[in-house]
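Results of the structural survey
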Amino acid sequence: MQVPGNALEGKNVVVIGGTSGIGLATAMTAAGLGARVTAGGRSEEHLEKARQQAGSDIQFVQIDTHDDQGLEKLFSSIGGIDHLVSAATGGSRTLKPLVEQSEEEFQAAFGKLWGYAKVARLGAKHVADDGSITFVSGAPARKFRPNMGALSCVGGAVENLVRCLAKELAPVRVNVVSPGIIDTALFDWMGDEKSERVAQMTKGQLIPRIGRPEEVASALIYLMQNGYATGTTVDVDGGQLLG
Ligand SMILES: NC(=O)c1ccc[n+]([C@@H]2O[C@H](COP(=O)([O-])OP(=O)(O)OC[C@H]3O[C@@H](n4cnc5c(N)ncnc54)[C@H](OP(=O)(O)O)[C@@H]3O)[C@@H](O)[C@H]2O)c1
């Protein structure tokens, strides 16, 4: 039996935050399935590395999720979007007890939410009725740990944003993928201690290892392809929520 689903062949896929990690893996997987992919991020360094990794299959553009004019210009230039993804970090990862955070630190974490809201606000009118919008939250949205309160608040807000958008933008489908601990540049700051720290962080999970960006990308691709999935959250976290 053939699995029903929307083929990505020839579809216009846009991935904001698509020059590294989960976004880049999503862009490359979509391109591999025949989609016409435009992927973007802010830094020339990430753009250049991504170009080298992905080759000419993907059109890479410089874009900031907080830049209204840039996003408007990008979306208009594509001429109809089938699937719009934002995996952009867009804000700070403020890791501190909530009561020790300054107002500025707490607000800075929400840069991710403002960025996603902007992508939806400016992008929705360009997305085909049978298309989709997909964002990325994170396990802290529903797994609460000391020092991670800002990430939990932002992740929860992203997941609620998605449910609200799914109602308001139907029939365009709007979904979110929630990754656990995934091997991306997000943990580069750990330097030589990365493998030890990651082992510590993942040891309570049902699958006690770090995840791969491609494993999260496959969930993003599923949400593009499955024409009946909307308002949903797909967890790809090695069972962290149950750990
Ligand atoms: N890795 C994990 O363990 C994990 C866990 C939970 C949730 N997440 C979420 O997954 C998403 C992807 O993260 P990742 O791990 O793949 O991180 P990553 O490897 O650092 O990739 C982040 C991407 O977003 C881009 N970006 C950041 N700020 C941007 C902005 N303002 N405008 C446009 N692009 C921007 C980056 O490029 P530039 O910096 O050059 O702009 C890069 O392409 C994020 O939302 C993150 O919060 C990740």
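The text that follows walks through the structure, step by step, so that each part is easy to find. (Residues numbered from 1 in each chain as written. Predicted model: local features only at pLDDT ≥ 70, side-chain atom pairs only at ≥ 80, totals over all residues. Heavy atoms only, no water.)

Overview of the pairing of strand 1 (residues 12-16)
- A large share of strand 1 lies buried, amounting to five of its five residues.
- The side-chain alternation of strand 1 yields two buried faces, one formed by Asn12, Val14 and Ile16 and the other by Val13 and Val15.
- On the question of chirality, the crossover connecting strand 1 to the parallel strand 2 (residues 36-41) by way of helix 1 (residues 21-32) is right-handed.
- Pairing between strand 1 and strand 4 (residues 81-86): four bridges, direction parallel. When the bridges of strand 4 are listed, Ile16 appears paired with Ser86. (Buried < 20%, exposed > 50% of the residue type's maximum accessible area, 1.4 Å probe, protein only. Helix = DSSP H or I, 4+ residues; strand = E, 2+ residues; numbered from the N terminus. Right-handed = clockwise from strand over helix to strand, strands pointing away. Pairing = 2+ DSSP bridges.)

Considerations on the sheet that holds strand 2
- One open sheet accounts for seven strands, arranged 3-2-1-4-5-6-7; its pairing is parallel. Both edges of this open sheet fall to strand 3 (58-62) and strand 7 (233-236), since each of them pairs with a single strand only. Averaged over all adjacent pairs, the angle separating strand axes in this sheet is 20°, with direction ignored.
- Bridge analysis of strand 2 against strand 3 gives five bridges, and the strand direction is parallel. What sits directly across from Thr38, in strand 3, is Gln59.
- The strands touched by helix 3 (residues 68-78) within the sheet are strand 1, strand 2, strand 3 and strand 4, with strand 1 carrying the most contacts at an inclination of about 165°. (Axes fitted to C-alpha atoms, helices over the stretch in contact; angles between N-to-C directions. Contact = heavy atoms within 4.5 Å.)

A closer look at the site of the ligand
- Lining the immediate surroundings of the ligand are 31 residues, of which Thr19, Ser20, Arg42, Ser43 and Thr184 lie closest.
- The side chain of Ser20 places a nitrogen or oxygen atom 2.6 Å from an oxygen atom of the ligand.
- The backbone of Gly180 places a nitrogen or oxygen atom 3.2 Å from an oxygen atom of the ligand.
- Elements represented by at least two residues in the shell around the ligand include exactly helix 1 and helix 5 (111-123).
- Class assignment of the residues belonging to the shell around the ligand gives a composition of twelve nonpolar, 16 polar and three charged. (Near = heavy atom within 4 Å. Polar contact = N/O pair within 3.5 Å; in protein donor to acceptor, adjacent residues only side chain to side chain. Nonpolar A, V, L, I, M, F, W, Y, C, P; charged D, E, K, R; others polar.)

Some remarks on the packing of aromatic side chains
- Within this structure, the stated rule accounts for three aromatic pairs.
- Seen from their ring centres, Phe106 and Phe110 are 5.4 Å apart, and the 75° between their planes marks the pair as edge-to-face.
- Phe106 gets classed as partly exposed once you look at its relative accessible area, which sits at 28%.
- Here the aromatic rings of Tyr116 and Phe135 are separated by 4.6 Å at their centres, their planes lie at 15°, and the arrangement is stacked. Remark: Phe135 occurs in strand 5 (residues 127-136) and Tyr116 occurs in helix 5; sequence separation between them is 19 residues.
- Look at Tyr116 and you get buried, because its relative accessible area is 1%.
- Members of the aromatic cluster, connected to one another through ring pairs, are Phe106, Phe110 and Trp114. (Phe/Tyr/Trp six-rings, centres within 6.5 Å; stacked < 30°, edge-to-face > 60°.)

Looking at the packing of helix 3 against helix 5
- Here helix 3 crosses helix 5 at 45°, and the two axes come no closer than 10 Å. Judged on the interaxial angle alone, helix 5 and helix 3 are oblique. Note that helix 3 runs across helix 5; the crossing there is right-handed. On helix 5, the residues that touch Asp68, Leu71, Glu72 and Phe75 of helix 3 are Lys118, Val119, Leu122 and Gly123.
- Taken together, the residues of the contact of helix 3 with helix 5 break down into four nonpolar, one polar and three charged. (Parallel < 35°, antiparallel > 145°, perpendicular 65-115°, else oblique. Left-handed = near helix turned anticlockwise from the far one by under 90°.)

Things to note about the pattern of salt bridges
- A full pass over the atoms with the stated rule returns twelve salt bridges.
- Among the ionic pairs, Arg212 bridges to Glu215, the shortest N-O distance being 3.2 Å.
- Here Arg212 falls in the partly exposed class, since its relative accessible area comes to 45%.
- Connected via shared salt-bridge partners are Glu44, Glu48 and Arg51. (Salt bridge = Lys/Arg side-chain N within 4 Å of Asp/Glu carboxyl O.)

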